[in-house]
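Observations on the model geometry
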Number of protein chains: 2
Amino acid sequence: MSFILYELAAADKNVRFSPHCWKIRMALAHKGIEAERKPWHFIEKDRLAFSSQGKVPVLTHDSNVISDSWKIASYLDKASPNTPLLFNNQESKTLALFVNQWADTVLLLPLARLIMQDIYSNIAPCDKDYFRKTREKKFGQKIEDISADREERVWEFRELLSPIREALENQPYLSGENPNYADYCIFGYFMWARSISDFQLLDLDDPINLWRDLLLNAFNGLARNSPHLS
Amino acid sequence: MSFILYELAAADKNVRFSPHCWKIRMALAHKGIEAERKPWHFIEKDRLAFSSQGKVPVLTHDSNVISDSWKIASYLDKASPNTPLLFNNQESKTLALFVNQWADTVLLLPLARLIMQDIYSNIAPCDKDYFRKTREKKFGQKIEDISADREERVWEFRELLSPIREALENQPYLSGENPNYADYCIFGYFMWARSISDFQLLDLDDPINLWRDLLLNAFNGLARNSPHLS
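This structure is a prediction, so every number in the text was calculated from the model and none was measured.

1. So, the overall build of chain A
Scanning chain A from N- to C-terminus turns up 9 helices and 4 strands. Scanning chain A from its N terminus toward the C terminus, one meets helices and strands in the order β-α-β-β-β-α-α-α-α-α-α-α-α. Viewed in the frame of its principal axes, chain A has a C-alpha envelope of about 50 × 45 × 30 Å. Per-residue burial for chain A yields a buried fraction of 56% across its 230 residues. A sequence separation of at least 24 residues applies to 69% of the contacts in chain A between residues at least 6 apart. Of the roughly 10,100 Å² that chain A leaves accessible, carbon and sulfur atoms contribute 49%. Side-chain charges of chain A comprise 28 positive and 31 negative groups, with the mean position of each set lying 7 Å from the other.

Structure below.
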């Protein structure tokens, strides 16, 4: 049984920065699954043709091909039910589903604004035209302007994190005493930023730092020791 | 120990239509708490001065005054720990927190568009100027135009509900085998629409209907039998 994970890579191919790929990177570590990790660039749509879509993460497991991070996480618990579960029960799974939806709808764009210029600076040369075109269309601004006011905007971003702060008041992880996929869904966003930007997202006294540190250290420091630019 | 709940009322004062008040209405029923329910109109900010803010729901419990539906729900489990809990454990509470955040950020505005004209038609005469002014400013359109294309927009709204549909694939309620506050957070939005509009939100074969029917029937048909305009 062999697993292959396609991950978005920066100009330095060792830097893997997609938030959705990081969700799966942590999920694989949680389950103790080793995967071959292949770097991929935005413009290499052809290389994903076998998955009938054009985005990473894509996981292959022998002859199975799964795309979309949520589907991959669900698949992993089914394919490997005897390793630690990403969803301990149906309530855990519902929690992760809504945490993930919340992150993808509430956090993604405001965080993207903060690190947009850093992403652009660090992606592979082959990706730059594609990235500029698609992001400038989406935001209606030049890449150089999207992140320009980030010192002011970071306050809004910190405000958006209040549900996480509130959930962590009484427990170390969103999932309770131990991390599971709900935690990785949010942590993926922090790894997105850490991998490709040195911008300080959190106040030093923000309690979210404690949770992030725990996850940076998890699985023998997998996330902390990953190549990054910050 | 006596409870008073201030609820947003329509021109017909028996019609109470705020989604956030409905969350609390269901929460009180869940806990078997009787509350005196006082009607309130948008422009009656003065009547809420005692709560140091200007929105409903506001709950008073003897000398305690609590505003904000999330804070009220948290308060209820503390004030009445021996009646059925709204949050069975910390994971339940985290689930409800994110479901609530998701609903308030993802569902609120698209659903508001669909029923805006109906709300305007049915609110108290004293509220009409205030409502028109604030909503037209928010949406950048005339009230009459906000809902104009709702037959097309309802498809987008149904798409937004996909996490609920997915969560209900394997269980009758978002919270599992029994409803709790996570369910009421979403159900409140359906009661908002039902109370004040006859617009059909769901396809007849949408599995969400089953869940909504269960909650309409809960607590001896509390929600089903509530005065509404649809």
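2. Notes on the relation of the copies chain A and chain B
Taken together, a rotation about one axis and a shift along it account for how the two chain copies relate. Once chain A is rotated about the relating axis by 180 degrees and shifted along it by 0.0 Å, it coincides with chain B to within an RMSD of 0.0 Å. Taken together, the rotation and translation relating the two chain copies correspond to the operation of a two-fold axis. No C-alpha of chain A lies nearer the rotation axis than that of Leu95(A), which sits 2.4 Å from it. Interface overlap between copies: 96% of the residues of chain A at the interface are likewise at the interface in chain B, consistent with a symmetric, same-surface contact.

3. What about the packing of helix 3 (residues 90-122) of chain B against helix 6 (residues 150-160) of chain B?
Residues and elements named next belong to chain B. Look at helix 3 against helix 6: their axes get within 10 Å of each other, and the N-to-C directions meet at 160 degrees. Between helix 3 and helix 6, the angle falls in the class roughly antiparallel. Along this stretch, helix 3 crosses helix 6, giving a crossing that reads as left-handed. Contact residues: Trp-102, Val-106, Leu-107, Pro-110, Leu-111, Arg-113, Leu-114 and Asp-118 in helix 3; Arg-150, Arg-153, Val-154, Phe-157 and Leu-160 in helix 6. Looking at the contact of helix 3 with helix 6 residue by residue, the class counts come to 9 nonpolar, no polar and 4 charged.

4. Some points on the sheet that holds strand 2 (residues 35-40) of chain B
Residue and element names in this part refer to chain B. If you walk across this open sheet you meet the 4 strands as 2-1-3-4, and the pairing is mixed. Only two strands of the sheet have a single partner each, and these edge strands are strand 2 and strand 4 (64-67). Averaged over all pairs of adjacent strands, the angle between their axes in this sheet comes to 20 degrees, without regard to strand direction. With 6 bridges connecting them, strand 1 (residues 3-8) and strand 2 associate as parallel partners. If you follow Ile-4 over to strand 2, its bridge partner there is Glu-36. Of the strands in this sheet, strand 1 and strand 2 touch helix 1 (residues 19-30), which is tilted by about 150 degrees from strand 1.

5. Side note on helix 9 (residues 208-221) of chain B
Turning to helix 9 of chain B, its buried residues number three or more, namely Ile208(B), Asn209(B), Trp211(B), Leu215(B), Leu216(B), Ala218(B) and Gly221(B). The inward-facing, buried residues of helix 9 of chain B contact helix 1, helix 7 (162-167) and helix 8 (181-196) of chain B.

6. Things to note about helix 1 (residues 19-30) of chain A
Residues and elements named next belong to chain A. Here helix 1 is 12 residues long and its end C-alpha atoms lie 16 Å apart, about the 16 Å a rise of 1.5 Å per residue gives. Counting buried positions along helix 1 yields 10 of 12 residues, so the element is predominantly enclosed. Buried-residue contacts for helix 1 involve strand 1 (3-8), strand 2 (35-40), helix 2 (69-79), helix 3 (90-122), helix 8 (181-196) and helix 9 (208-221). You can read the cap of helix 1 off the contacts: a side-chain oxygen lies 3.2 Å from the backbone nitrogen of His-20, and it is on Ser-18. Phi turns positive one or two residues past the end of helix 1, at Gly-32, with a value near 70 degrees.

7. With respect to the interface of chain A and chain B
Tallying the contact residues gives 23 residues for chain A and 22 residues for chain B. Both faces combined, the contact of chain A with chain B buries some 2,000 Å², and carbon together with sulfur accounts for 63% of it. In this structure, the connection of chain A to chain B is made through 0 salt bridges. Where chain A touches chain B, the interface holds 6 residue pairs in polar contact (both at pLDDT 80 or more). Broken down by element, the residue count for the side of chain A that touches chain B peaks at 12 residues, all from helix 3 of chain A. When its residues are assigned to classes, the side of chain A that touches chain B shows 11 nonpolar, 10 polar and 2 charged.

8. Points about the side chain of Ser51(A)
Residues and elements named next belong to chain A. Here Ser-51 is to be found in the loop between strand 2 and strand 3 (58-61). At 2.9 Å, the side chain of Ser-51 forms a polar contact with the side chain of Gln-53. Leave out the neighbours within four places in its chain, and Ser-51 touches Val-58, Val-65 and Ser-67.

9. Thoughts on the side chain of Arg113(A)
All names here are of chain A. By secondary structure assignment, the location of Arg-113 is in helix 3. The buried charged residue Arg-113 lacks any salt bridge, with Asp-149 as its nearest oppositely charged partner at 5.0 Å. In terms of polar contacts, Arg-113 uses its side chain to reach the side chain of Gln-141, at 2.5 Å. Apart from the residues lying within four places of it in its own chain, the contact partners of Arg-113 are Phe-139, Gln-141, Ile-146, Ser-147 and Arg-153.

10. Considering the sheet that holds strand 4 (residues 64-67) of chain A
Residues and elements named next belong to chain A. Strand order in this open sheet of 4 strands is 2-1-3-4, and the pairing throughout is mixed. Looking along the sheet, the strands with just one partner apiece sit at the ends: strand 2 and strand 4. Each neighbouring strand pair of the sheet contributes to a mean axis angle of 20 degrees, computed without reference to strand direction. Relative to the sheet, helix 1 contacts strand 1 and strand 2, its axis offset from that of strand 1 by approximately 150 degrees. Across the face of the sheet, helix 2 comes into contact with strand 1, strand 3 and strand 4 while running at roughly 140 degrees to strand 4.

Quick notes on the rules
Position numbers for residues start from 1 in each chain and track the written sequence from start to end. Chains and ligands are labelled sequentially in the order written, the chains with letters from A and the ligands with numbers from 1. Where totals are concerned, whole chains, interfaces and linings use all residues; where local detail is concerned, this predicted model gives features only for residues with pLDDT of at least 70, and gives and counts side-chain atom pairs only at 80 or more. Note that the side-chain values use all heavy atoms of the structure and ignore hydrogens as well as water. Runs of E in the DSSP output that reach at least two residues are strands. Runs of H or I that reach at least four are helices, and both are numbered from the N terminus. Note on classification: 1.4 Å probe, protein chains only; a residue is buried when its accessible area is under 20% of the maximum for its type, exposed when over 50%, partly exposed between these limits. In what follows, residue pairs with any heavy atoms lying within 4.5 Å of each other are defined as contacts. For the area figures, the Shrake-Rupley method with a 1.4 Å probe applies, and any residue is considered shielded solely by the protein chains shown. Working convention for charge: Lys and Arg count positive, Asp and Glu count negative, and His plus the chain ends are omitted. By convention, the charge on Lys lies at NZ, on Arg at CZ, on Asp at CG and on Glu at CD. The copies were overlaid by least squares, fitting only the C-alpha atoms of residues that reach a pLDDT of 70 or more in each copy. For helices, the fitted axis covers only the stretch in contact; all axes are lines through C-alpha atoms, and the angles between them, taken along N-to-C directions, range from 0 to 180 degrees. Put simply, angles under 35 degrees are roughly parallel, angles over 145 are roughly antiparallel, angles from 65 to 115 are roughly perpendicular, and the rest are oblique. Helix crossings are classified by the rotation of the near helix relative to the far one: an anticlockwise turn of less than a right angle makes the crossing left-handed, while a clockwise turn makes it right-handed. Any residue that is not Ala, Val, Leu, Ile, Met, Phe, Trp, Tyr, Cys, Pro, Asp, Glu, Lys or Arg is counted as polar, Gly included; the first ten are nonpolar and the last four charged. In this analysis, strands are considered paired if DSSP registers two or more bridges between them. Multiply 1.5 Å by the residue count of a helix minus one, and that product is the helix's expected span. As used in this structure description, the phrase polar contact means that two N or O atoms lie within 3.5 Å; if the pair is within protein, one of them must be able to donate a hydrogen and the other to accept it, and residues adjacent in sequence are counted only when both atoms belong to side chains. Buried area is calculated as the accessible area (1.4 Å probe) missing from two parts once they are joined, with the contributions of both summed. Only one rule defines a salt bridge in this text: a Lys or Arg side-chain nitrogen within 4 Å of an Asp or Glu carboxyl oxygen.

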